[in-house]
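# Structural overview for review
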Amino acid sequence: MKKIIKLLLLSLSSIVTLFLLVAISINLFRLADKNTDTFDYLENSSNKVILFIGDGMGQNQIKNTELFLDKKLFFTSIDKMGTVNTYSKNTFWPTDSAASATAMATGKKVYNTFVASSFGKPIKSISEYVKEKNMGVGIVTTDTLAGATPASFSAHALRRSHTEDIIETQLNNNIDLYLGAGNQTYLPYKSRFEEKGYSFIQKYSELPNTKTKVLGSFSEINNYKHTDEAPTLPMLTKYAIDYFEKHYPEGYFLMIEGAHIDKSNHSNDIDNMIKYLDEFDNSIELAFNMLSEENVAFIITADHESGNLDLANSKSEITNDLYQSTKHTAKDVYYFIYHKNNYEINKIPNNIDNTDIFEMIKKILGI
């Protein structure tokens, strides 16, 4: 019996050792593969950056949407494009939105579910760097404003599920503009946000024109058709750009997320995914048209792929059967970058890490 136990312990020890060796090998491979570009050629090239994040927007999500709609999406016509590594510190499974958004917001890899923090210790985000320069910062999403992606750019929390901690941080971080869903979640905090100088808004028609901090928290964000309580992402995009162009002409950082691409992937609902991705693209096109004469840097990317979506050969093949999973994958996603007055963007490597998004924004804004 003792020999059997000893053999079992030796076997268990061997398995654990193998597990650790594989984990170390994977992380060493990732470190060797990590881009070392310093992006010095982007230094002080603009005072305005708009980052569009299509949550769950993998390469095949984009290609299938173009095939189904029989058109090229506006943002895929941008000349400078490449791919982005999305892995987090979790070795054996793909990133979640919190870890990936944290990488883009802070330039640091963290474990899944961490929100701009490492085991609860805050990591300084691009939003905080920008506010230190007295520039404007805005967060726009189709998700609740306490969702993983908007939270990673505006808050710090041990877990993405710690909604109260996220909102407590948002109350005190001095961000100028919040637009998104989750009105019932934020309603109990209405008076506290107002005490901090925010106009607390739940109807699109009531969004102010004055230079005041704004929290616009709506019942939901619709596609194509809107109500006063449920505007569309292009409507929020237009308001945000008007707001910052009027009140922060000296410069701003604006993050705009299309969150429901991911939610549709998790449900294996390709029809809704296409609609949300199309409306996300409409928001990008609107922003380009509004700022065509401005020296604005546009970055469009995704936090990860979800659904393990296959690529259809024809429009008739675009059905829910293309999905091979309901979960996130480790597939690389695309990035697209447009910078009107800086042709040096062509030096950006064809494959970058999601932490490089943070580094590029810092360089562009001269931080």
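Residues numbered from 1 in each chain as written. Predicted model: local features only at pLDDT ≥ 70, side-chain atom pairs only at ≥ 80, totals over all residues. Heavy atoms only, no water.

### Re the overall build of the chain
When helices and strands are counted, the chain shows twelve helices and 14 strands. Along the first, second and third principal axes, the C-alpha atoms of the chain reach 80 × 50 × 45 Å. By the burial criterion, 56% of the 367 residues in the chain qualify as buried. Within the chain, contacts between residues at least 6 apart in sequence are counted, and of these 73% link residues at least 24 apart. As presented, the chain carries roughly 15,800 Å² of accessible surface, and 53% of it is formed by carbon and sulfur atoms. Averaged over its 37 positive side-chain charges, the chain has a centre that lies 7 Å from the centre of its 45 negative ones. (Helix = DSSP H or I, 4+ residues; strand = E, 2+ residues; numbered from the N terminus. Buried < 20%, exposed > 50% of the residue type's maximum accessible area, 1.4 Å probe, protein only. Contact = heavy atoms within 4.5 Å. Areas by Shrake-Rupley, 256 points an atom, 1.4 Å probe, with all protein chains shown as cover. Lys, Arg positive; Asp, Glu negative; His and termini not counted. Charge placed at Lys NZ, Arg CZ, Asp CG, Glu CD.)

### Structural notes on the nonpolar core
Grouped together as the largest cluster of nonpolar side chains are 100 residues, with contacts concentrated most on I50, F75, F153, F253, I300 and I348. Counting residues per element, this core draws most heavily on helix α11 (residues 270–290), at nine residues. (Core = buried A, V, L, I, M, F, W, Y, C linked by side-chain atoms within 4.5 Å.)

### Details of the packing of helix α2 (residues 59–69) against α11
Two elements in contact, α2 and α11, have axes whose closest approach is 10 Å; the angle formed by their N-to-C orientations is 95°. Looking at the two axes, α2 sits roughly perpendicular to α11. When α2 is examined against α11, the residues Q61, I62, T65, F68 and L69 are found in contact with a partner set consisting of M273, I274, L277 and D278. Looking at the contact of α2 with α11 residue by residue, the classes come out as six nonpolar, two polar and one charged. (Axes fitted to C-alpha atoms, helices over the stretch in contact; angles between N-to-C directions. Parallel < 35°, antiparallel > 145°, perpendicular 65-115°, else oblique. Nonpolar A, V, L, I, M, F, W, Y, C, P; charged D, E, K, R; others polar.)

### Some thoughts on the side chain of K80
Position of K80 relative to the elements: it lies in strand β2 (residues 80–85). This buried residue, K80, is left without a salt bridge; D37 holds the nearest opposite charge, at 8.8 Å. From its side chain, K80 meets the backbone oxygen of I348 in a polar contact 2.8 Å long. Non-local contacts of K80, meaning those with residues more than four positions away in its chain, are made with Y335, F336, I337, I345, N346, I348, P349 and N350. (Salt bridge = Lys/Arg side-chain N within 4 Å of Asp/Glu carboxyl O. Polar contact = N/O pair within 3.5 Å; in protein donor to acceptor, adjacent residues only side chain to side chain.)

### A word on the environment of Y239
Topologically, Y239 is positioned in helix α9 (residues 233–247). Residue Y239 is classed as buried on the basis of its relative accessible area, which comes to 10%. Sequence-wise, Y239 and F39 are 200 residues apart; in three dimensions their C-alpha atoms are separated by 31 Å. Excluding residues that lie within four positions of it along the chain, Y239 makes contacts with L177, L179, Y204, L207, P208 and V214.

### A few points about the pairing of strand β10 (residues 297–301)
Of all the five residues making up β10, five are buried; the element is thus mostly covered by neighbouring parts of the structure. The side-chain alternation of β10 yields two buried faces, one formed by A297, I299 and T301 and the other by F298 and I300. Where strand β1 (residues 48–54) lies against β10, five bridges are found, and the strand directions are parallel. Bridging from a neighbouring strand, I50 pairs with F298 of β10. Two strands pair when backbone bridges link them, and β10 and strand β13 (residues 333–339) are joined in this way by five bridges, in the antiparallel orientation. Within β13, the position partnered with F298 by the bridge is Y338. (Pairing = 2+ DSSP bridges.)

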